[in-house]
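Examination of the molecular architecture
Chain by chain, the residues run as shown.
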Amino acid sequence: LVDLGCGPGNISFRLAERFPQASVLGLDGAAAMLELAEQELAQRALGCPGLADRMGFAQVHLGPESLPYAGFTAVVSNSLLHHLHDPNGLWQSVARLGAPGAFVYIQDLRRPASSEAVEALVVSQMGGAPEVLRHDYRASLHAAFSVAEVREQLQCSLLGYPCLAGLQVAPRQERYLEVWGRLT
């Protein structure tokens with residue numbers, strides 16, 4: 001399994017716990033996040049023999065350059081898409097990392113339809129948070145994509161990566177979108 005944009009490894013660790021026979025690789029572009037993930041892995045490995053043998057973390061930048069990994073049976077990502085300057089880098093990476101038939105699940109924020117809707121979400125989701133966190137959440141909502149935009153991204157990516165044709169996009173709850181399916 002590969003976790004794109006793994007950050008400090010929260011989801012990578014959950015995957016390793018949920019699928020104890022699987023190998024899990026967390027990929028991220030931020031060295032500071034990967035350092036936290038490695039520290040957590042070292043701590044968890046003390047109480048779980050073999051964990052360090054089936055988990056790892058690596059620094060990579062997603063995009064058109066070739067990735068040093070491939071053949072994963074599952075590709076997952078949570079809240080990465082809205083951080084990317086070029087969203088096509090994510091879709092190229094999904095296509096390159098996943099084996100034929102690989103399961104794909106990507107969740108991200110979904111941009112609200114208006115500035116007023118953004119503010120309503122900031123109030124409802126971050127009402128008591130410090131202003132710096134409210135500011136970051138507001139910026140993330142504005143940077144997020146709509147379901148239609150993600151569908152368009154996938155359609156454009158099909159020209160170079162027809163294996164993405166099996167992916168579906170749908171809204172999830174009031175603030176997320178999800179992409180799921182299998183690579184063809």
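Keep in mind that what you see is a predicted model, and the values were worked out from it rather than measured. (Residues numbered from 1 in each chain as written. Predicted model: local features only at pLDDT ≥ 70, side-chain atom pairs only at ≥ 80, totals over all residues. Heavy atoms only, no water.)

Okay, the pairing of strand β4 (residues 72-78) next. Of all seven residues that make up β4, five are buried, and the element is covered over most of its length. With three bridges connecting them, strand β1 (residues 2-4) and β4 associate as parallel partners. Of the residues in β4, the one forming a bridge with Val-2 is Val-75. Here six bridges tie β4 to strand β5 (residues 98-109), and the two strands are oriented parallel to one another. By the bridge assignment for β5, Val-76 is matched with Tyr-105. The parallel pair β4 and β5 is bridged by helix α4 (residues 88-97), and the resulting crossover is right-handed. (Buried < 20%, exposed > 50% of the residue type's maximum accessible area, 1.4 Å probe, protein only. Helix = DSSP H or I, 4+ residues; strand = E, 2+ residues; numbered from the N terminus. Pairing = 2+ DSSP bridges. Right-handed = clockwise from strand over helix to strand, strands pointing away.)

Okay, the layout of surface pockets next. There is about 340 Å³ of room inside the largest pocket. If you go around the largest pocket, you meet 19 residues; those closest to its centre are Gly-29, His-61, Leu-62, Leu-80 and Leu-84. Among the secondary structure elements, those contributing two or more residues to the lining of the largest pocket are β2 (24-28) and α4. Split by residue class, the lining of the largest pocket holds eight nonpolar, nine polar and two charged. What lines the second largest pocket is Asp-3, Gly-5, Cys-6, Gly-7, Pro-8, Asn-10, Ile-11, Asp-28, Ala-30, Met-33, Asn-78 and Ser-79. Its residues placed into classes, the lining of the second largest pocket shows five nonpolar, five polar and two charged. (1 Å grid on protein atoms, 1.4 Å probe; cavity = no way out; pocket = protein on both sides within 12 Å on 5 of 7 lines; lining within 4 Å. Points joined across faces, edges and corners; volume = space filled by probe spheres on them. Nonpolar A, V, L, I, M, F, W, Y, C, P; charged D, E, K, R; others polar.)

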